[in-house]
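Here is what each chain is made of, one letter per residue.
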Amino acid sequence: MTGKIDPELVPGLANTLTAHLPDGILDVATVRAIDDQLRVETAPAEPPRVVALDGGLELRVHGPLHGDACLLWIHGGGMFLGSARTEDAFCADLADRLGVPVVAVDYRLAPEHPHPAPLHDCLAALHWCAGRSARVVVAGGSAGGGLAAALCLLARDEGGPPIAAAHLYYPMLDDRRDTPSALTDPPVWNRRLADLAWASYLGGRPADALAAPARATDLRGLPPTYLDVGDLDLFRDEDAAYAARLADAGVPVRFEVVPGAVHAFELIAPDAAISRATRERRLLALTHDLNGAA
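Below: a short report on this structure.

A closer look at the pairing of strand β7 (residues 225–230)
Moving on, step 1. In terms of burial, β7 is largely enclosed, as six of its six residues are buried.
Moving on, step 2. Of the two faces of β7, the one carrying Thr225, Leu227 and Val229 and the one carrying Tyr226, Asp228 and Gly230 are both buried.
Moving on, step 3. Where strand β6 (residues 165–169) lies against β7, four bridges are found, and the strand directions are parallel. Across the sheet, residue Tyr169 finds its bridge partner in β7, namely Asp228.
Moving on, step 4. Bridging between β7 and strand β8 (residues 253–258) involves six bridges; their strand directions are parallel. Residue pairing in the sheet places Leu227 in a bridge with Phe255 of β8.
Moving on, step 5. In this view, the connection linking β7 to its parallel neighbour β8 by way of helix α6 (residues 236–248) has right-handed handedness.

Some remarks on the side chain of Asp121
Moving on, step 1. As for its position among the elements, Asp121 is in helix α3 (residues 117–130).
Moving on, step 2. Ignoring sequence-local partners within four residues, the contact set of Asp121 consists of Leu57, Val105, Tyr107 and Arg108.

Here we look at the nonpolar core
Moving on, step 1. Grouped together as the largest cluster of nonpolar side chains are 67 residues, with contacts concentrated most on Leu72, Leu151, Trp189 and Tyr242.
Moving on, step 2. Considering each element in turn, this core owes the most residues, 10 residues, to helix α4 (residues 143–158).
Moving on, step 3. In this structure Tyr242 touches Ala149, Leu153, Leu168, Leu173, Pro213, Ala214, Leu219, Leu222 and Leu227, once residues within four positions along its chain are discounted.
Moving on, step 4. Residues Trp73, Val100, Tyr226 and Ala264 belong to the second largest nonpolar core, which totals 24 residues.

Brief notes about helix α2 (residues 88–98)
Moving on, step 1. Along α2, the residues that are buried comprise Asp88, Cys91, Leu94, Ala95 and Leu98. Buried positions in α2, seen along its axis, are confined to an arc of 130° and lie on one side of it. The exposed residues of α2 that point more than 90 degrees off its buried face are Asp96 and Arg97.
Moving on, step 2. Buried-residue contacts for α2 involve β2 (58–62), β3 (69–74), β4 (102–105) and α8 (273–291).
Moving on, step 3. Looking one or two residues past α2, Gly99 carries a phi angle of roughly 75°, positive in sign.

Re the sheet that holds β4
Strand pairing in a sheet relies on backbone hydrogen bonds. The paired strands run either parallel or antiparallel.
Moving on, step 1. Across the sheet, which stays open at both edges, the eight strands sit in the order β1-β2-β4-β3-β5-β6-β7-β8 with mixed pairing between neighbours. Strand pairing shows two members of the sheet lacking a second neighbour, β1 (49–52) and β8, which therefore form its edges. With strand direction ignored, the average angle separating the axes of adjacent strands in the sheet is 20°.
Moving on, step 2. The pairing of strand β5 (residues 135–141) with β6 spans five bridges and is parallel. For Val138, the partnering residue across the bridge sits in β6 and is Ala166.

Cut-offs used in this document
Residues numbered from 1 in each chain as written. Predicted model: local features only at pLDDT ≥ 70, side-chain atom pairs only at ≥ 80, totals over all residues. Heavy atoms only, no water. Buried < 20%, exposed > 50% of the residue type's maximum accessible area, 1.4 Å probe, protein only. Helix = DSSP H or I, 4+ residues; strand = E, 2+ residues; numbered from the N terminus. Pairing = 2+ DSSP bridges. Right-handed = clockwise from strand over helix to strand, strands pointing away. Contact = heavy atoms within 4.5 Å. Core = buried A, V, L, I, M, F, W, Y, C linked by side-chain atoms within 4.5 Å. Arc of directions from axis to C-beta. Axes fitted to C-alpha atoms, helices over the stretch in contact; angles between N-to-C directions.

Treat this as a map of the structure, not an account of what it does.
Rendered as structure tokens:
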């Protein structure tokens, strides 16, 4: 596998979860402990405003508090790792570059809070954003991308709030093990971690389309979607299938496969050429959708 990976990404693989997983059955506590040891946090120059909603849900608002357009960011971590706080520096930089509020939702994590609790937290954040901005773009990476896709389905089915566009970065969309894939044990995020993530998120209940958006039978009426994934990512095939189904349903979609890229590649090696190019492409697409350009 490493022979196909972009050479600039390879050194960073030693500091990813899959390089430190023990043998045997994984559990949430063990993976969380490893993730805590590996995680490197960078404090933003300007701390966010923390907004508390009903039920103790927190939003972390970067950049201006109000704006004609707003970006709702949903963090990744397999539904059981991470937090909005750990992505403060990323969101602050994004707000500075885009010139709009970037609102990160600190949704409750599984398995303590399985589906649909995290999705309902994202919906509450969407309502808050829509009450302050006329145009809301929803974005997220990995599990956050899956929640963003589910949020689009939920908002469509409930009649709002409207979502101007969705930006899904290597999203986690399909819980089914029988989905064809040539990638069973890639670096960074493999099948063992994916199985733990889905088991935690579903809490022993069968998945529906709002838990696993790949299960949705009707994708009509969803917002324009940008989606990208590495060609060595566990989620590559399910993401490609979802992008194709969006297009078939008449949804404007832009789908990019990044050659030589693994899961979360731009976080592992931010200075790599493919990371820089991907960030620039995403930034241009976000700017387009936040501005409502034709």
